[in-house]
Each structure stands twice: as C-alpha cells, then as structure tokens.
Amino acid sequence: TGEPRTALVTGGTSGIGLACARRLQADGLRVAVLDLDRPDAREVAAQHGLKFVGADLSRRSDTVEAVKTAVSLLGGLDVLVNNAGFQHIDPIATFPEDTWDAMMHVMLTAPFLLLKYAWPFLIRSGHGRVVNIASIHAQVASPYKSAYVSAKHGLLGLTRVAALEGADHGLTVNAICPAYVRTPLVERQLADQARTRGISEAEVISTVMLESAAIKRLLEADDVGALLSYVVSPAAWGMTGSVLDLDLGWTAR
Ligand code: NAD
C-alpha cells in the first residue's frame with residue numbers, strides 16, 4: 001500500500017551490486033546505489049534509473065555522510081544491502097598494510113557504520129531488511145586472501161549481533177555467501193591468480209575457483225539477486241541472523 005519501499009545498495013554500479021539493485025527495482029522498490037564518485041559509476045546509475053550516492057567507503061566521514069544523502073534522496077530507508085568490496089591477492093608475508101586497512105574498512109567497518117547511522121530509519125520502517133553480501137570466504141579460507149577472508153568472517157559476526165538487536169523492531173539481518181560469481185572482480189582476479197600461481201587463466205577457473213565446488217560452473221550476478229529478492233520480501237520476516245550459502249556445494253564436503 002502507498003509509497004514503494006526504499007533500498008540502498010553499496011557497490012551498486014557493478015557486478016553483484018548492480019544485479020541486486022536492478023532486481024529490487026524490478027520488485028517495485030525505489031533504489032539508490034552507493035559507489036565511488038566516478039563519472040562511469042554515475043553513468044551506470046543514470047542508465048538504469050537508479051539514484052546515485054557518491055562515497056568512498058574506506059573513509060569514515062564519507063560513509064556516515066552517505067546515509068544522510070541516501071535517506072534524503074529516497075525519503076527513508078527500508079532495505080540496506082552491504083555489497084561493496086574488493087579483493088587483493090598476496091601472501092601474508094608481503095601483504096601491503098595499507099591495503100589491509102582499506103579492505104577492513106570497506107568490507108567490515110563501513111557495513112557497521114552504515115548500519116549504525118541507518119538504524120533509526122530501518123527501525124522506523126517497521127519491516128527493515130539488512131542483507132550483507134559476504135562470501136563463501138566468510139566461512140572457509142583460501143591462501144593469499146588474508147584481509148578478505150578476515151573481513152568477511154567478521155561480517156558474519158556483525159550480521160548475527162545486528163539480527164539480535166533488530167529482532168524486536170521487525171528488522172531482519174542476514175548474510176548471503178556466494179562462491180565465485182562471474183563479475184568484473186572475478187575477471188580481475190583471474191589475471192592476479194594466474195600471475196601469483198604461475199598458471200593460465202583457464203587453469204585458475206578449473207583448478208582454483210571451482211576446485212572445491214560440486215557444481216563446476218561460475219554463478220551469475222542475477223543468481224544472487226534472486227536470493228536477495230526473497231530475503232527482503234515480507235514473506236521472509238522469520239529469517240534473521242541466517243548465513244545463506246549460494247556456494248555450488250562448496251561446503252557440503
Ligand atoms: P565488483 O568489483 O564488480 O563490484 C564491487 C563494487 O564495489 C564496485 O562498483 C566498486 O566500485 C565498489 N567499491 C569498491 N571499493 C569501494 C569503496 N571504497 N567505496 C565505495 N564503493 C566501493 O565486485 P563483485 O564481484 O560484484 O563483488 C561485490 C561483493 O560481492 C563484494 O563484497 C565481494 O566480496 C562479494 N562477493 C563476490 C564474489 C564473486 O565471485 N564475484 C563471490 C562472493 C562474494
């Protein structure tokens with residue numbers, strides 16, 4: 001009834017975030033995407049009729065300010081999708097410390113700050129939804145991904161605490177854990193992994209990315225959007241603090 005529900009999707013101009021934003025839009029929500037303030041990001045948002053919030057989630061002040069901007073663009077906030085993230089591949093012994101700090105901020109501290117400052121709006125909604133796009137690497141490890149695996153493991157902890165704190169307010173908080181999804185992030189990683197391991201990109205897909213998967217096929221970004229669509233729906237009111245695997249059977253072993 002009445003006004004459409006509103007959603008903010010971080011990292012929403014590429015890959016999984018864009019697919020999620022478009023799916024929520026198709027479901028009838030009013031959607032804003034947050035991303036680094038680059039002309040190409042603004043253009044992608046405009047192309048799809050998505051409102052745009054420019055912010056660098058590796059900076060605290062940008063992150064806090066982004067909530068105000070999003071709420072004023074959308075006229076409230078019912079759904080927050082913490083999706084922005086990036087990968088860096090290096091052994092611990094040579095892992096750059098500034099990169100560690102930036103990854104922890106974008107993938108763990110920013111979701112906390114966005115949740116903190118969006119909290120009053122999500123509560124006011126009465127049926128708020130927070131979905132954290134974690135990763136199968138929130139539950140298992142792979143070598144050379146120390147910061148990524150650590151930040152994603154932490155994000156599951158935040159998911160569970162927020163689920164408990166939101167429970168009396170109709171606010172659900174869940175995490176989605178995909179295995180490898182064909183996105184620009186993975187395309188870049190193919191090249192990095194090939195370099196680090198001294199093998200071809202085709203070998204990276206078959207022997208590294210799909211080695212632990214039972215289903216030997218990369219996921220598509222829309223597959224994540226389809227699961228998100230259910231989690232934010234009113235029907236999913238009883239699902240909170242859940243860690244939802246979309247992992248090609250990775251953790252079934
Ligand atoms: P992507 O590179 O296609 O998109 C990531 C988006 O995040 C980009 O638009 C980027 O600009 C944005 N972003 C990065 N740093 C930012 C910052 N400092 N401030 C604001 N925005 C920033 O990647 P993707 O594959 O779509 O990944 C999206 C999320 O899904 C990430 O959290 C990633 O860890 C997770 N994930 C991806 C896969 C996969 O295989 N692709 C698997 C599991 C989980």
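Residues numbered from 1 in each chain as written. Predicted model: local features only at pLDDT ≥ 70, side-chain atom pairs only at ≥ 80, totals over all residues.

- Per an unreviewed UniProt entry, the chain is named 3-hydroxybutyrate dehydrogenase, and its organism is Deinococcus ruber.

### A few points about the overall build of the chain
Part 1: Each helix and strand counted, the chain has eight helices and seven strands in total.
Part 2: Computed over the C-alpha atoms, the radius of gyration of the chain is 17 Å, within 12% of the 18 Å expected from 2.2 N^0.38 for a compact globule of 253 residues.
Part 3: With the principal axes as the frame, the chain shows a C-alpha extent of 55 × 40 × 30 Å.
Part 4: Across the 253 residues in the chain, those meeting the buried criterion constitute 42%.
Part 5: Put simply, 71% of the contacts in the chain that link residues at least 6 apart link residues at least 24 apart. (Helix = DSSP H or I, 4+ residues; strand = E, 2+ residues; numbered from the N terminus. Rg over C-alpha atoms; globule rule 2.2 N^0.38 Å. Buried ≥ 20, exposed ≤ 12 C-beta atoms within 10 Å, placed from the backbone. Contact = placed C-beta atoms within 7 Å.)

### Notes on the environment of Leu-190
Part 1: Along the chain, Leu-190 turns up in helix α6 (residues 184-197).
Part 2: On the neighbour-count criterion, Leu-190 (17 C-beta atoms within 10 Å) is partly exposed.
Part 3: Along the backbone, Leu-190 and Ala-202 are 12 residues apart, and their C-alpha atoms lie at a distance of 8.4 Å.
Part 4: Apart from the residues lying within four places of it in its own chain, the contact partners of Leu-190 are Glu-201 and Val-204.

### Quick notes on the domain arrangement of the chain
Part 1: Considered domain by domain, the chain is made up of domain 1 (6-178 + 220-238) and domain 2 (180-218).
Part 2: With 11 residues of domain 1 in contact, the opposing surface of domain 2 contributes nine residues.
Part 3: When residues of the side of domain 1 that touches domain 2 are traced back to their parent elements, those giving at least two are α1 (15-26) and α8 (221-232).
Part 4: By residue class, the composition of the side of domain 1 that touches domain 2 is seven nonpolar, three polar and one charged. (Domains from an automatic or database assignment. Nonpolar A, V, L, I, M, F, W, Y, C, P; charged D, E, K, R; others polar.)

### Observations regarding the confidence of the model for the chain
Part 1: Overall, the prediction assigns the chain a mean pLDDT of 97, with 100% of residues at 70 or greater.
Part 2: Scored by ipTM, the complex comes to 0.99, with pTM at 0.97. (pLDDT = per-residue confidence, 0-100.)

### A closer look at the packing of helix α3 (residues 60-74) against helix α4 (residues 97-125)
Part 1: Contact geometry of α3 with α4 gives a least axis separation of 9 Å together with a crossing angle of 35°. Read as a crossing pair, α3 and α4 show a hand that is right-handed. Taken together, the residues of α4 that come into contact with α3 (itself represented by Arg-60, Thr-63, Val-64, Val-67 and Val-71) are Ala-110, Leu-113, Leu-114, Tyr-117, Ala-118 and Phe-121.
Part 2: Looking at the contact of α3 with α4, its residues break down into nine nonpolar, one polar and one charged. (Axes fitted to C-alpha atoms, helices over the stretch in contact; angles between N-to-C directions. Left-handed = near helix turned anticlockwise from the far one by under 90°.)

### Here we look at helix α5 (residues 146-166)
Part 1: Spanning 21 residues, α5 covers 30 Å between terminal C-alpha atoms, matching the ideal 30 Å at 1.5 Å per step.
Part 2: Buried within α5 are the following residues: Ala-147, Tyr-148, Ala-151, Lys-152, Leu-155, Leu-158, Thr-159, Ala-162 and Gly-166. Seen along its axis, α5 keeps its buried residues to an arc of 115°; they face one direction. In this structure, α5 carries Gly-157 and Leu-164 as exposed residues pointing more than 90 degrees from its buried face.
Part 3: Next to the buried residues of α5 lie α4, β5 (129-133) and β6 (172-178). (Expected span 1.5 Å × (residues − 1). Arc of directions from axis to C-beta.)

### What about α6?
Part 1: The end-to-end C-alpha distance of α6 is 20 Å, a good match for the 20 Å that 14 residues give at a rise of 1.5 Å each.
Part 2: Positive phi appears at Gly-198, one or two residues downstream of α6, with a value of about 65°.

### Describing the site of the ligand
Part 1: Inspection of the region around the ligand gives 26 residues, with Gly-11, Gly-15, Gly-85, Thr-183 and Leu-185 positioned closest.
Part 2: Counting residues per element, the ones that place at least two in the shell around the ligand are α1 and α6.
Part 3: Partitioned by chemical class, the residues of the shell around the ligand number 14 nonpolar, 10 polar and two charged.
Part 4: Composition of the shell around the ligand by domain shows at least three residues from each of domain 1 (6-178 + 220-238) and domain 2 (180-218). (Near = placed C-beta within 6 Å.)

### Some words on the nonpolar core
Part 1: Ranked by internal contacts, the top residues of the largest apolar core, which has 69 residues, are Cys-20, Ala-32, Val-33, Ala-70, Leu-80 and Val-81.
Part 2: Of the residues forming this core, the biggest block, 10 residues, is contributed by α4.
Part 3: Looking at this core, you find at least three residues from each of domain 1 (6-178 + 220-238) and domain 2 (180-218).
Part 4: Once residues lying within four places of it in the same chain are set aside, the contact partners of Leu-80 are Leu-8, Leu-114, Leu-115, Ala-118, Leu-122 and Val-130. (Core = buried A, V, L, I, M, F, W, Y, C linked by C-beta atoms within 7 Å.)

### Considerations on the environment of Val-53
Part 1: Residue placement: Val-53 occurs in strand β3 (residues 51-54).
Part 2: Excluding residues that lie within four positions of it along the chain, Val-53 makes contacts with Ala-32, Leu-34, Ala-66, Thr-69, Ala-70 and Leu-73.

### Details of unusual backbone geometry
Part 1: Phi at Tyr-144 takes a positive value of approximately 75°, unusual for a residue other than glycine.
Part 2: By the element assignment, Tyr-144 lies in the loop between β5 and α5.
Part 3: A positive phi is found at Leu-248, a non-glycine position, where the angle reads about 55°.
Part 4: With respect to the element layout, Leu-248 can be found in the segment after β7 (243-246).
Part 5: For Leu-248, a count of 21 C-beta atoms within 10 Å translates into the label buried.

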